[in-house]
Amino acid sequence: MSTYAYFNGEIVPLGDAKIGIMNHTFNYGTGVFEGVRGYWNGKEEQLYLFRLKEHYERLQRSCRIMTMALPFDIPKLCDITVDITRRNAHREDCYVRPLAYKDSELIGVRLHQLNDAFLIYTAPFGKYLPPDRGIRCCVSSWRRIDDNAIPGRAKVTGLYVNSALSKSEAMLDGYDEAIVLTQSGTVSEGSAENVFIVVDGKLITPPASDNILVGVTRNTVIQVAREQLGIETIERSIGRAELYSADEVILTGSAAEVTPVSEIDRRPIGSGGVGPVAAKLQETYLSIVRGEVEIYREWCTPVYPKS
Ligand code: PMP
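How each quantity is defined
Throughout, residues of each chain are indexed from 1 in the direction in which the sequence is written. Residues qualify for local features only when their pLDDT is at least 70, as the model is predicted, and side-chain atom pairs are given and counted only at 80 or more; totals for whole chains, interfaces and linings, by contrast, use all residues. Calculated side-chain values reflect all of the structure's heavy atoms, with hydrogen atoms and water omitted. Only DSSP runs of H or I reaching four residues or more are called helices, and only runs of E reaching two or more are called strands; each is numbered from the N terminus. Both definitions apply: the radius of gyration is a C-alpha atom measure, and the globule rule equals 2.2 Å times residues to the power 0.38. The buried label goes to any residue with under 20% of its type's maximum accessible area, the exposed label to any with over 50%, and the partly exposed label to all in between, with areas taken from a 1.4 Å probe on protein chains only. Contact definition: two residues touch when any of their heavy atoms are within 4.5 Å. Surface exposure here means Shrake-Rupley accessible area, sampled with a 1.4 Å probe, where a residue is shielded only by the protein chains that are shown. In summary, the charge assignment counts Lys and Arg as positive and Asp and Glu as negative, without counting His or the chain termini. Each charge is placed at NZ for Lys, CZ for Arg, CG for Asp and CD for Glu. Here, nonpolar core refers to any group of buried Ala, Val, Leu, Ile, Met, Phe, Trp, Tyr and Cys residues whose side-chain atoms link them within 4.5 Å. The domain boundaries here were taken from an automatic or database domain assignment. Any residue with at least one heavy atom within 4 Å of a molecule or strand is counted as near it. Whenever two N or O atoms come within 3.5 Å, that pair is a polar contact, provided that in protein one can donate a hydrogen and the other can accept it, and provided that, for residues adjacent in sequence, both atoms are side-chain atoms. Basically, the charged four are Asp, Glu, Lys and Arg, the nonpolar ten are Ala, Val, Leu, Ile, Met, Phe, Trp, Tyr, Cys and Pro, and anything else, Gly included, counts as polar. Pairs of strands are assigned from DSSP output, requiring at least two bridges between the strands. Defined in terms of a 1.4 Å probe, buried area is the accessible area two parts forfeit on being brought together, summed over both. Throughout this description, the term salt bridge denotes a Lys or Arg side-chain nitrogen within 4 Å of a carboxyl oxygen of Asp or Glu.

Caption draft 1: Structural view of the overall build of the protein chain. Looking only at helices and strands, one finds seven helices and 17 strands in the protein chain. Since a compact globule built from 307 residues should have a radius of gyration of about 19 Å, the 19 Å found for the protein chain is in line with a globular shape. Projecting the C-alpha coordinates of the protein chain onto the three principal axes gives extents of approximately 50 × 50 × 30 Å. Residues classed as buried in the protein chain amount to 54% of the 307 residues present. Long-range contacts, defined here as pairs at least 24 residues apart, represent 71% of the contacts in the protein chain between residues at least 6 apart. As displayed, the protein chain offers around 13,600 Å² of accessible surface, 52% of which is attributable to carbon and sulfur atoms. One way to put it: in the protein chain the 34 positive side-chain charges average out to a point 1 Å from where the 39 negative ones average out.

As structure tokens, this is what we get:
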């Protein structure tokens, strides 16, 4: 089956959506993007895009920081995203990638006086990290880039060099994922996930000011933990050794969903398996995203017309 992309204002075959080698974002990493998951609900024969609006709200904030303009308002961007995803006729879990970028073809690093462009593509997508056994992490030798270097709260393409360095170091050293510290040495986030720890039945997560990307999944987990599990989340800086001594450590992200961590730097976390808070949060999250929990249905945008 053919796959399509939204490119230069129209839906085109994916293979025709091409940028030139002088493209500014390709050369300088000046784009901003989102990663949205689509969840297939086989019983309803429906595909749900999870928290689409919130992803576009973040894209808009990223654009402000990078002095870019999106071509449409958020409702219209959501409609276009549903259109292109429907066109690709996914009947499986998938990933949707909106990307706003600097389209000019010229030599010169800057943000101003460049053309802004926007594209969306979609692809089938399974699990990003092993969901069941609890993953093995290391504290990265790379540090998270500082807000005054490249603002981490903006999802900037060039910023992902920092993620790629830490992810590959971790994987080539035999771990599943990296946890990255801030310049001052407190916990920031995973290479593509936010970090929560559980201590004495409470969730703790670093604040936005610790150079994290403020995750849509992070917000979801904070709300669902409070409303469904009666667990409050404290936002405060977390020291490296607190990771080792925590009862549980959990990574969250659109790709990573809710992933329990069983080991960090060869130290078992808690009992070394999947903790009870992680297990419950993961189970609840995975039913919410498929549209199975009525009160959170508004977070799930259906792609196909209701039969
Ligand atoms: N931090 C980074 C660096 C990420 O790339 C991601 C994934 N987008 C996250 C955190 C988690 O964000 P979200 O829950 O919005 O996917």
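Having seen it, we continue.
Caption draft 2: The nonpolar core, seen in detail. Val32, Tyr56, Phe118 and Ile120 are the most contacted members of the largest nonpolar core, which totals 30 residues. Elements supplying a minimum of two residues to this core: strand S1 (4-7), strand S4 (36-41), strand S5 (46-50), helix H2 (52-65), helix H3 (74-87), strand S6 (94-102) and strand S7 (116-124). Per element, the largest residue contribution to this core is six residues, and it comes from H3. Three or more residues apiece are contributed to this core by two domains, here domain 1 (4-124) and domain 2 (135-288). Residues Ile222, Ile231, Ala278 and Leu281 belong to the second largest nonpolar core, which totals 22 residues.

Caption draft 3: Geometry of the site of the ligand. Inspection of the region around the ligand gives 16 residues, with Arg58, Tyr160, Val216, Thr217 and Ser254 positioned closest. In this structure, an oxygen atom belonging to the ligand sits 2.7 Å away from a side-chain N or O atom of Arg58. Interatomic distance of 2.7 Å between a side-chain N/O atom of Ser254 and an oxygen atom of the ligand. Breaking the shell around the ligand down by element, the ones donating at least two residues are helix H5 (216-229) and strand S14 (248-253). By residue class, the composition of the shell around the ligand is four nonpolar, seven polar and five charged.

Caption draft 4: Spotlight on the pairing of S1. Here S1 shows no split at all, with Tyr4 and Tyr6 on one side and Ala5 and Phe7 on the other all buried. Two strands pair when backbone bridges link them, and S1 and strand S2 (residues 10-13) are joined in this way by four bridges, in the antiparallel orientation. Each bridged residue has a counterpart across the sheet, and for Tyr6 the counterpart in S2 is Ile11. Connecting S1 to the next strand, S2, in antiparallel fashion are two residues, including Asn8 with a positive phi near 50 degrees. Relative to S7, S1 runs antiparallel, the two sharing two bridges. Bridge assignment links Tyr6 to a residue of S7, and that residue is Ile120.

Caption draft 5: Quick peek at the domain arrangement of the protein chain. Per the domain assignment, the segments making up the protein chain are domain 1 (4-124) and domain 2 (135-288). Each of domain 1 and domain 2 was reduced to a C-alpha centroid, and the two centroids are 25 Å apart. The interface is formed by 19 residues belonging to domain 1 together with 19 residues belonging to domain 2. In total, domain 1 and domain 2 occlude about 1,600 Å² of area from one another, counting both sides; carbon and sulfur atoms represent 61% of this. Among the residues of domain 1 in contact with domain 2, Phe33, Phe50 and Arg58 are the three that bury the most area, contributing 36% of the side total. Counting across the domain 1 and domain 2 interface gives one salt bridge.

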